[in-house]
Amino acid sequence: MRVAVIGAGVIGLSTAQSIYEHYHSVVQPLTIQVYADRFTPLTTSDGAAGLLQPNLSDRGKEEETRWTKETFDHLLTFIKSPHGSEMGLFLQSGFNVVSEPAQEPCFKDIVFGFRELSERELQMFPGYKHGWFNTAMIVEGKSYLPWLMRWSRLLILLVKCHHRRIESFAELHTCHSMVMMDCGTNGWRSGQPDSDLRPSRGQIIKVDAPWLKHWVLAHNFTKGEFTYIIPG
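Residue indices begin from 1 for each chain and proceed along its sequence in written order. Under the rules for a predicted model, residues below a pLDDT of 70 receive no local features and side-chain atom pairs below 80 are neither given nor counted, while totals for whole chains, interfaces and linings still include all residues. Hydrogens and water molecules were not included; the side-chain quantities draw on all heavy atoms of the structure.

Q: Before we go on, may I ask you to explain the pairing of strand 9 (residues 215-220) in this structure?
A: The side chains of a regular strand alternate, residue by residue, between the two faces of the sheet. Classification of residues uses two cut-offs on accessible area relative to the type maximum, computed with a 1.4 Å probe and protein chains only: under 20% is buried, over 50% is exposed, and between them is partly exposed. Starting at the N terminus, helices and strands are each numbered in turn, a helix being any DSSP run of H or I of at least four residues and a strand any DSSP run of E of at least two. Across the 6 residues that make up strand 9, a large majority, 6, are buried. Where burial is concerned, the two faces of strand 9 agree: the one with Trp215, Leu217 and His219 and the one with Val216, Ala218 and Asn220 are both buried. For two strands to count as paired, DSSP must find a minimum of two bridges between them. Pairing analysis gives 5 bridges linking strand 4 (residues 89-98) to strand 9, with the strands arranged parallel. Considered in strand 9, the bridge of Val97 is made with Ala218.

Q: Would you mind showing me how to read the sheet that holds strand 7 (residues 159-163) here?
A: Note: strands within a sheet are paired through backbone hydrogen bonds, in either parallel or antiparallel orientation. Here 4 strands make up an open sheet; going across it, the order is 7-2-1-8 and the pairing parallel. Bordering the open sheet on either side are strand 7 and strand 8 (178-182), each of which pairs with just one other strand. When the angles between neighbouring strand axes are averaged without regard to direction, this sheet yields 20°. Pairing of strand 2 (residues 31-36) with strand 7, which is carried by 5 bridges, proceeds in the parallel orientation. Paired with Gln33 across the strands is Lys160, a residue of strand 7. Only the contacting stretch of a helix is used when fitting its axis, a line to C-alpha atoms as for every element, and angles between N-to-C directions run 0 to 180 degrees.

Q: Help me understand the pattern of salt bridges, please; the structure alone is not making it clear to me.
A: Side-chain pairing between opposite charges can occur once the charged atoms of the two side chains come close. A carboxyl oxygen of Asp or Glu within 4 Å of a side-chain nitrogen of Lys or Arg is what we treat as a salt bridge. Applying the stated rule across the entire model yields 7 salt bridges. Taking the shortest distance from any N to any O, the salt bridge between Glu104 and Lys108 comes out at 3.8 Å. Residue class for Glu104 comes out partly exposed when judged on its relative accessible area of 43%. By relative accessible area, which is 28% here, Lys108 ends up partly exposed. A single salt-bridge network, built from bridges that share partners, covers Glu104, Lys108 and Asp109.

If you want it as structure tokens, here you go:
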């Protein structure tokens, strides 16, 4: 079986790793090939803050919450391992504040120490009427992607990386026993467009503020705005 993974960001490389771990002992022969026009440190994932916490609501898609819990629990096993710091994993606490009262978020049973904010705590965030405090996980892309790349090099006979831009799935469909995983960013225009995929754009400003020890996610439902501060 030949598996082609398009994209070498955190999703692409993690997908390659997961396929190997789940199937290398039961599907033989198995070859995993990763195709991307950019690898670390030039991917979008390298610049991501890496806060592992989903949206406040899964919009009724319970599998999203389940996947998040499985990912959180999986990475948690590495926190105290020798690989934890090498992978850029650590726990960090912070605040979710919302512009109006809202239902408890879907991730409340995934993270640690989830609770509602007190009135005194809310005074630190003028304009916001409700919120929660919890401890989540940080997965720093600048460390995690190089770790995944080192993992792939250890399995060079089974996992191969190709520095190549793929314009169409047809370029890779060379044999019948093939599975293709599209893990590219929205900047990748394939011959198989996804009408449900919507681009998202924002601005990231890096500042030197060592006194900030907690992350803050501010959800303004009225304006439809989402602003965050993540130390790191």
